[in-house]
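One letter stands for each residue in the lines below.
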Amino acid sequence: MHEVADLRCSVLIWVGIVWVIGWVAPVSAQQLPVTTTPGPPPEPLRRVVQPPFALELFFDDLPQGGVGLVRVLGEGLRSLTLRVFDEEWAGFAVGDAHYALLAVHYSQGARGYRLTAQIEDSRGIFHVIEADFRVTVGNFIRSEATMPYERAALLDPELEQEEAALLCELIAPVTEPAWLRLQLPLDRPLSSPFGEFRRFNEEHLTRHTGWDFRATIGTPVAAMAGGRVAYSGWLVLRGNYVLIDHGAGMYSGYAHLSQAHVVRGQRIHPGQIIGRVGNSGRSTAAHLHWDAALQGRWVDGVALVGMWLPWSGG
Ligand SMILES: [Zn+2]
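Below or above, wherever it landed, is the structure these notes cover.

Quick notes on the rules
Starting from 1, residues in each chain are numbered consecutively following that chain's sequence as written. It should be noted that, the model being predicted, local features are given only for residues of pLDDT at least 70 and side-chain atom pairs only at 80 or more, the latter also being counted only at that level, while totals for whole chains, interfaces and linings use all residues. Excluding hydrogens and water, the side-chain figures rest on all heavy atoms present in the structure. Here the aromatic set is Phe, Tyr and Trp, taking the six-membered ring for Trp, and pairing holds for ring centres within 6.5 Å; pairs whose planes are under 30 degrees apart are stacked, those over 60 apart are edge-to-face, and all others are tilted. Secondary structure elements follow DSSP: runs of H or I of four or more residues count as helices, runs of E of two or more count as strands, with numbering from the N terminus. Summary of the burial criterion: residues with accessible area below 20% of their type's maximum are buried, those above 50% are exposed, and those between are partly exposed, where the area comes from a 1.4 Å probe applied to protein chains only. When a carboxyl oxygen of Asp or Glu lies within 4 Å of a side-chain nitrogen of Lys or Arg, that pair is called a salt bridge. In this scheme, strands are said to pair when DSSP sees at least two bridges between them. Only C-alpha atoms enter the line fits that serve as axes; for helices the fit covers just the stretch in contact. Angles between N-to-C directions range over 0 to 180 degrees. Here the expected length of a helix is defined as 1.5 Å per residue gap, with one fewer gap than residues. The directions from the helix axis to the C-beta atoms are what the arc is built from. Only heavy atoms matter for contacts: two residues are in contact if any of them lie within 4.5 Å across the pair. Counting of polar contacts relies on pairs of N or O atoms within 3.5 Å, with two restrictions inside protein: one atom must be capable of donating a hydrogen and the other of accepting it, and residues adjacent in sequence are counted only when both atoms are side-chain atoms. The pocket and cavity definitions rest on a 1 Å grid over protein atoms only: a 1.4 Å probe that fits but cannot leave marks a cavity, an open set with protein on both sides within 12 Å along at least five of seven lines marks a pocket, and residues lining either have an atom within 4 Å of a point. Grid points are joined across faces, edges and corners, and a volume is the space filled by probe spheres set on the points. Under the grouping applied here, Gly and all other residues not named as nonpolar or charged are polar, the nonpolar ones being Ala, Val, Leu, Ile, Met, Phe, Trp, Tyr, Cys and Pro and the charged ones Asp, Glu, Lys and Arg. Boundaries between domains were set according to an automatic or database domain assignment.

## Brief notes about the packing of aromatic side chains
Phase 1 of the analysis: Summed over the entire model, instances satisfying the criterion amount to 10 aromatic pairs.
Phase 2 of the analysis: Here the aromatic rings of Phe213 and Trp290 are separated by 5.9 Å at their centres, their planes lie at 50°, and the arrangement is tilted. Pair noted here: Phe213 is in strand β14 (residues 210–214) and Trp290 is in strand β22 (residues 287–294), with a separation of 77 residues, a long-range link.
Phase 3 of the analysis: Residue classification places Phe213 among the buried residues on the basis of a relative accessible area of 0%.

Following this line, the structure appears as structure tokens:
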């Protein structure tokens, strides 16, 4: 199957044709609960049985920027590795089942893909189960933004590429899962959504790697989940930035902070206050920019927090 080049570390080179079609005003503020209630495990939407194992998909199609959950059940199941988008996704044992999460880059081509589950049994023999699924076009808006003169130098594409390359390295390691439950970092209205096509000062085109929350300077920011601090310091565009490794390839980042309360390497407990809302870096007003990533890709954090996950104890 034809695959596009590795998207994980690419900075979008995006042509202005969408602007000809027209632009959509930013979504009105949305209020969401600060913590999720995972509830009972959902029923899988698809099941491919190949005795002694069964592959279950908790999704049908996946939108660009979305996250999908896969489960394998069966007697003598030792390990699971998924192969999707020409990449391997490690599975994790939870009880008798093995699960894996897969993430769709926001620029992944919208079409059909094949998912291959490599399943190792207790004798060390590998079994393969395949399933096809579709990536659909994400529901991304377009917006116009104005960067004031004194911060306009921050629109330099080279700065964006440098920061993206640094973050790409930081969000690459896949460590042991450290999270039990995910939560939104702030109980405040969401403003700009994930994946937004944003044009600054009528010429500079960018993609929005996370979600923005409206909040005043000094508002405490909670960690999305437990984990370990992968970065805490200054980034040219994100300003004061805290990045947390939650394990299993999952990361969350908190940008434009006025203060960071944590240091690199520090263990974080669920919901811990890791910093304060600010207006540092490439920001035009006080707000929290919140990134979520899975295996090297920025994903829709609000959708991720709303997912049922096997580690959430539900
Ligand atoms: Zn933002």
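## Quick notes on the pattern of salt bridges
Oppositely charged side chains may form a pair once their charged atoms are brought near each other.
Phase 1 of the analysis: Within this structure, the stated rule accounts for 14 salt bridges.
Phase 2 of the analysis: In this structure, the salt-bridge partner of Glu87 is Arg297, at a minimum N-O distance of 2.8 Å. Here Glu87, found in strand β6 (residues 87–90), pairs with Arg297, found in strand β23 (residues 297–298); they are 210 residues apart in sequence, far enough to count as distant. Arg297 matches Glu87 in its accessibility class, with the two residues each being buried.
Phase 3 of the analysis: A salt bridge links Arg123 to Asp121, with the nearest nitrogen and oxygen atoms 3.1 Å apart.

## Here's the deal with the sheet that holds strand β8 (residues 97–103)
Sheet strands pair by backbone hydrogen bonding; their relative direction is either parallel or antiparallel.
Phase 1 of the analysis: The sheet built from 5 strands is open, its strands ordered β1-β2-β4-β8-β7 with antiparallel pairing. Of all the strands in the sheet, the pair left with one neighbour each is β1 (46–50) and β7 (92–94). Taking the axes of each pair of neighbouring strands and ignoring which way they run, one obtains an average angle of 25° across the sheet.
Phase 2 of the analysis: In this structure, strand β2 (residues 53–57) lies alongside strand β4 (residues 67–74), joined through 5 bridges in antiparallel fashion. Each residue of the ladder has a partner; that of Leu57, found in β4, is Val70.

## Thoughts on helix α2 (residues 157–170)
Count 3.6 residues to each turn of an α-helix, and residues three or four apart come out pointing the same way.
Phase 1 of the analysis: Here α2 contains 14 residues, and its C-alpha end-to-end distance of 20 Å stays within 8% of the 20 Å for a straight helix at 1.5 Å per residue.
Phase 2 of the analysis: Turning to α2, its buried residues number three or more, namely Glu160, Glu163, Leu167, Cys168 and Leu170. Within α2, the buried residues cover an arc of 155° as seen down the axis, which keeps them to one side. Of the exposed residues in α2, the ones pointing more than 90 degrees away from its buried face are Glu158 and Glu169.
Phase 3 of the analysis: The inward-facing, buried residues of α2 abut β13 (204–207), β16 (227–235), β17 (239–247), β18 (250–257) and β23.
Phase 4 of the analysis: For α2, the capping residue at the N-terminal end is Asp156, with a side-chain oxygen 2.9 Å from the backbone nitrogen of Glu158.

## Quick notes on the side chain of Glu120
Phase 1 of the analysis: Checked against the element boundaries, Glu120 lands in strand β9 (residues 112–121).
Phase 2 of the analysis: A distance of 2.9 Å separates the side chain of Glu120 from the side chain of Ser79, its partner in a polar contact.
Phase 3 of the analysis: Each residue touching Glu120, except ones within four places of it in the same chain, is listed here: Gly76, Leu77, Arg78, Ser79, Ile125 and Phe126.

## With respect to the side chain of Gln272
Phase 1 of the analysis: By the secondary structure assignment, Gln272 is in the loop between β20 (267–268) and β21 (273–276).
Phase 2 of the analysis: Note on Gln272: relative accessible area 14%, which makes it buried.
Phase 3 of the analysis: Among the polar contacts made by the side chain of Gln272, one reaches the main-chain amide nitrogen of His269 at a distance of 3.0 Å.
Phase 4 of the analysis: Beyond its immediate stretch of four places on either side in the chain, Gln272 contacts Val221, Ala222, Ala223, Val262, Gln266 and Arg267.

## Some words on empty space enclosed by the protein
Phase 1 of the analysis: The final tally for this structure, using the stated rule, is 2 cavities of 30 Å³ or more.
Phase 2 of the analysis: Each pocket or cavity is described by its volume, and for the largest cavity that value is around 70 Å³.
Phase 3 of the analysis: Along the wall of the largest cavity there are 10 residues; nearest its centre are Ala90, Phe92, Leu101, Ala248 and Gln295.
Phase 4 of the analysis: Contributions of two or more residues to the lining of the largest cavity are made by β6 and β8.
Phase 5 of the analysis: Of the residues in the lining of the largest cavity, the class split is 9 nonpolar, 1 polar and no charged.
Phase 6 of the analysis: Counting the residues that make up the lining of the largest cavity, at least three belong to each of domain 1 (26–136) and domain 2 (142–312).

## Quick look at unusual backbone geometry
Phase 1 of the analysis: Between Pro51 and Pro52 the backbone carries a cis peptide bond, its omega angle lying at 10°.
Phase 2 of the analysis: Inspection of the secondary structure assignment puts Pro52 in the loop between β1 and β2.
Phase 3 of the analysis: Unlike most non-glycine residues, Glu202 shows phi in positive territory, near 65°.
Phase 4 of the analysis: With respect to the helices, strands and loops of the structure, Glu202 is situated in the loop between β12 (197–200) and β13.
Phase 5 of the analysis: Assessed through its relative accessible area of 65%, Glu202 is described here as exposed.

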